[in-house]
Amino acid sequence: MPPRILLDLPQLCRLCRPSPCLTNNIQRAFGIKSLNPPKPNRFNVSPGLPVLKSTQQDALERKIKADTLPLRTGVLAIKKGMTAIFDQDSGKRTPCTVLQLDRVQVVSHKTRDKHGYFAVQVGSGWRHPRRLTKALLGHFAVNGISSKRHVHEFRVRDERGLLGVGEIINANWFQEGQYVDARSNTRGMGFAGVIKRHGFHGQDRSHGVSLTHRSLGSAGPSQGGGSRVYPGKKMAGNMGNIQNKLQNLKVLKVDAPNGILVVKGSVSGPKGCLVKIQDAIKKPWPEGTLRQPGSSTV
Amino acid sequence: MVKSFFWASSARHSTTAAASMAVSLPMVRPLGYLKAMTPRLVPPQICWRRHLSTIYSQKPERVPLPANLPKEFYSQLPERLRPDNEPRKIDVIPPPPSACSVCKDPVATVTASQLAILDPTGERKALFDYRRNPRSVKAGDILRVTFKSGDPFSGVCLGIRLRGIDTSFLLRNQLTRVGVEMWIKVFSPNVGSVEIVQRTEKRKRRARLYYMRKPEHDMGSVENIVQNYLRQKSALTGQPISKSRGR
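How each quantity is defined
- Residues numbered from 1 in each chain as written.
- Chains lettered and ligands numbered in written order.
- Predicted model: local features only at pLDDT ≥ 70, side-chain atom pairs only at ≥ 80, totals over all residues.
- Heavy atoms only, no water.
- Helix = DSSP H or I, 4+ residues; strand = E, 2+ residues; numbered from the N terminus.
- Buried < 20%, exposed > 50% of the residue type's maximum accessible area, 1.4 Å probe, protein only.
- Contact = heavy atoms within 4.5 Å.
- Areas by Shrake-Rupley, 256 points an atom, 1.4 Å probe, with all protein chains shown as cover.
- Buried area = accessible area lost by both parts, 1.4 Å probe.
- Salt bridge = Lys/Arg side-chain N within 4 Å of Asp/Glu carboxyl O.
- Core = buried A, V, L, I, M, F, W, Y, C linked by side-chain atoms within 4.5 Å.
- Pairing = 2+ DSSP bridges.
- Axes fitted to C-alpha atoms, helices over the stretch in contact; angles between N-to-C directions.
- Phe/Tyr/Trp six-rings, centres within 6.5 Å; stacked < 30°, edge-to-face > 60°.
- Lys NZ or Arg CZ within 6 Å of the ring centre and 35° of its normal.
- Patch = residues over 30% accessible without salt bridge, like charges linked within 9 Å, V, L, I, M, F, W, Y side chains within 5 Å.
- Polar contact = N/O pair within 3.5 Å; in protein donor to acceptor, adjacent residues only side chain to side chain.
- pLDDT = per-residue confidence, 0-100.

**Quick word on the overall build of chain A**
Part 1 of the reasoning: Counting its regular elements, chain A contains six helices and 12 strands.
Part 2 of the reasoning: Across the 298 residues that make up chain A, the buried fraction comes to 34%.
Part 3 of the reasoning: Considering only contacts within chain A whose residues lie at least 6 apart along the sequence, 70% involve residues at least 24 apart.
Part 4 of the reasoning: Surface exposure of chain A reaches about 19,000 Å², of which carbon and sulfur atoms provide 53%.

Right under this line is the structure:
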């Protein structure tokens, strides 16, 4: 009877030893990484070619070079409604939106060293601590902030834009006459058909059309087109409740004690919706607003 | 060492097996198997099995932890059993004072601040507040509006729209036999004065008199009525018609 052997001895020894791939000190990578990282190609080697820049650091540098990052943080406001302002001299009527700032406070910072970019986390309103998760409560407690209803991040260009944690931002953060960008969610329309959602014309009321007066008709070509529906085909679906950004809104009025900010024109969303306001990126940055590092005045 | 021991036994085994094929049992037994050295892979036979007839035995009672256990032994206990195990307290910081409690209705605040400039006495607001002021302008009245630029416009008031700062009224007249209508903002700085030329004889039963656009209800031009009014007014005040600015 030949003796059965379960494992060869060298094999046993190999199992006991840690595998070589584990012994190497491999660092876990965080952040966004490319699914198709750039690979050297033998046809793509010549002295004059530009260096591929696909790292997070390069992305930040490009962003700074494009000058599309505001110098200072924005604020969270609540849309309160619309009214108009008459100009006393010209008699011109300007429709405007009234926004209110409610206990807007800096919650924390995102820094380049730790997170790869600079941003100010801002909270507004108040929510009962009972209604918050422990994770958020801990975050607020560490930074010495009361529990906030809304928390949002505003990217800034560099560390000079990092307003101190716990500082309260009031409506006089903006100057009358400057321009701002307002981001907010549009009014939700629910599940909407193609006529309402995409402006389709619909089909005939009569001429033999039966039960499909408001439907989209054909969704694509026949066999010549591949017998399939192309991606991005406009169809019925959920409409609205997506973020919309309105740029270059002029600040008409600032009332710090009441936290009122009046901007020209309309802002997306229903009354009571959250609006994120930041200096307009398409206009020159407002002067004299950026605080110098180390100074305590806002 | 183990390996050599094993191969020695098997070699002996094979030689003996080849020598005496007919013998059922090998003459020399192997000295040992590796299997004996490895941990037992086959689970031990279940020697104790529960049946319905098994006498129910109670759970063993939990042994209480020793009282006054020194702190250095806490690490040996699971976290939940440590005497000092309590949910970690999270500081709750009271919220700062809110601007929302100071100003409950910001739109009304902005409107009020506008009205304080545009209509400091509140006279014009009262003139068109037909829901509260019985002496206000009503639909069907004939009005004469003078703008800051100097040109007047008169007509029948077809309706008043009360919308705070955007309060406005609609005037209808006929100029060169063509019907003309104009929405006028009450608080617009361009509006110099508003005069009531003639009040409606009977209270109109509609808030908006859009039926007056129909030919059978159209009032036509109010030019004559306005001219009469201006003549009377100039006679009373002793001022020429062109400079008449009232209200």
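Back to the text.
**Regarding the interface of chain B and chain A**
Part 1 of the reasoning: Contact with chain B, which involves 37 residues of that partner, is made by 42 residues of chain A.
Part 2 of the reasoning: The largest per-residue losses of area from chain B upon contact with chain A belong to Ile90, Ile93 and Val110 of chain B, which jointly make up 16% of the total buried on that side.
Part 3 of the reasoning: Summed over the shared surface of chain B and chain A, the number is one salt bridge.
Part 4 of the reasoning: Elements with a contribution of two residues or more to the side of chain B that touches chain A: helix H1 (2-19), helix H2 (34-37), helix H3 (99-102) and helix H4 (106-118) of chain B.
Part 5 of the reasoning: Considering each element in turn, the side of chain B that touches chain A owes the most residues, nine residues, to H4 of chain B.

**Side note on the nonpolar core**
What tends to happen in soluble globular proteins is that the nonpolar side chains get buried as a cluster.
All names here are of chain A.
Part 1 of the reasoning: If you look at the biggest cluster of nonpolar residues, it comprises 27 residues, and the most contacted ones within it are Val75, Ile169, Phe174 and Ile277.
Part 2 of the reasoning: Elements with a contribution of two residues or more to this core: strand S1 (75-86), strand S3 (104-110), strand S4 (119-124), strand S7 (179-185), strand S10 (243-255), strand S11 (260-264) and strand S12 (274-279).
Part 3 of the reasoning: Broken down by element, the residue count for this core peaks at three residues, all from S1.
Part 4 of the reasoning: Not counting chain neighbours up to four residues away, the residues in contact with Phe174 comprise Arg72, Val75, Val180, Val251, Val254, Leu261, Ile277, Gln278 and Asp279.

**A few points about the sheet that holds strand S4 (residues 178-185) of chain B**
Residues and elements named next belong to chain B.
Part 1 of the reasoning: Taken together, the five strands give an open sheet; going across it, the order is S4-S3-S2-S1-S5, and neighbouring strands pair in antiparallel fashion. The open sheet has two free edges, formed respectively by S4 and strand S5 (191-198), since each of these has just one partner strand. The average angle at which neighbouring strand axes cross in this sheet is 35°, direction not considered.
Part 2 of the reasoning: As defined by bridge partners, strand S2 (residues 152-161) adjoins strand S3 (residues 168-175) across five bridges and the pair is classed as antiparallel. The partner of Arg161 across the bridge, within S3, is Ser168.
Part 3 of the reasoning: Here helix H6 (residues 223-237) sits on the sheet and contacts strand S1 (142-147), S2, S3 and S5; the angle it forms with S5, its principal contact strand, is near 100°.

**A word on the packing of aromatic side chains**
Part 1 of the reasoning: Throughout the structure, instances matching the rule amount to one aromatic pair over all chains.
Part 2 of the reasoning: Look at Phe128 of chain B and Phe169 of chain B: their rings are 4.6 Å apart centre to centre, the planes differ by 15°, and that puts the pair in the stacked class. With Phe128 of chain B in helix H5 (residues 123-128) and Phe169 of chain B in strand S3, the pair connects residues that are 41 residues apart, well separated along the chain. We note that Phe128 of chain B, like Phe169 of chain B, is buried.
Part 3 of the reasoning: Sitting over the face of the ring of Trp173 of chain A, Arg72 of chain A holds its NZ or CZ atom 4.5 Å from the ring centroid.

**Describing a nonpolar patch on the surface**
Residue and element names in this part refer to chain A.
Part 1 of the reasoning: The grouping of Leu216, Val229 and Met235 at the surface amounts to a nonpolar patch, some 210 Å² of accessible area in total.
Part 2 of the reasoning: By the secondary structure assignment, Val229 is in the loop between helix H6 (194-198) and strand S9 (237-239).
Part 3 of the reasoning: Given a relative accessible area of 42%, Val229 falls into the partly exposed group.

**What to know about the side chain of Arg72 of chain A**
Residues and elements named next belong to chain A.
Part 1 of the reasoning: Along the chain, Arg72 falls in the loop between helix H3 (56-66) and S1.
Part 2 of the reasoning: Of note is the side chain of Arg72, whose polar atom sits 3.4 Å from the side chain of Gln178.
Part 3 of the reasoning: A polar side-chain atom of Arg72 sits 2.7 Å from a polar atom in the side chain of Asp279.

**Brief notes about the pattern of salt bridges**
Oppositely charged side chains can pair when the atoms bearing their charge come close.
All names here are of chain A.
Part 1 of the reasoning: Counting across every chain of the model gives 16 salt bridges over all chains.
Part 2 of the reasoning: A salt bridge links Arg157 to Asp67; the nearest nitrogen and oxygen atoms lie 3.0 Å apart. Of this pair, Arg157 sits in the loop between strand S5 (150-155) and strand S6 (168-169) while Asp67 sits in the loop between H3 and S1, and the two are 90 residues apart along the sequence.
Part 3 of the reasoning: Given a relative accessible area of 22%, Arg157 falls into the partly exposed group.

**Some thoughts on the confidence of the model for chain B**
All names here are of chain B.
Part 1 of the reasoning: On average, residues of chain B score 83 in pLDDT, and 75% of them are at 70 or above.
Part 2 of the reasoning: Low pLDDT (under 50) marks residues 1-23, which in the prediction has 13 contacts with non-local residues, meaning those over four places away or in another chain.
Part 3 of the reasoning: Note that pLDDT drops below 50 for residues 243-247; the model gives that stretch 15 contacts with residues more than four away or on any other chain.
Part 4 of the reasoning: Model confidence for the complex is summarised by a pTM of 0.74, with the ipTM given as 0.77.

**A closer look at the sheet that holds S5 of chain A**
Note on sheets: strands pair through backbone hydrogen bonds, and any given pair is parallel or antiparallel.
Residue and element names in this part refer to chain A.
Part 1 of the reasoning: One open sheet accounts for four strands, arranged S5-S4-S3-S6; its pairing is antiparallel. Strand pairing shows two members of the sheet lacking a second neighbour, S5 and S6, which therefore form its edges.
Part 2 of the reasoning: As paired elements, S3 and S6 share two bridges and run antiparallel to each other. If you follow Gln105 over to S6, its bridge partner there is Ile168.
Part 3 of the reasoning: Running at roughly 95° to S3, helix H5 (residues 134-143) makes contact with S3, S4 and S5 of the sheet.

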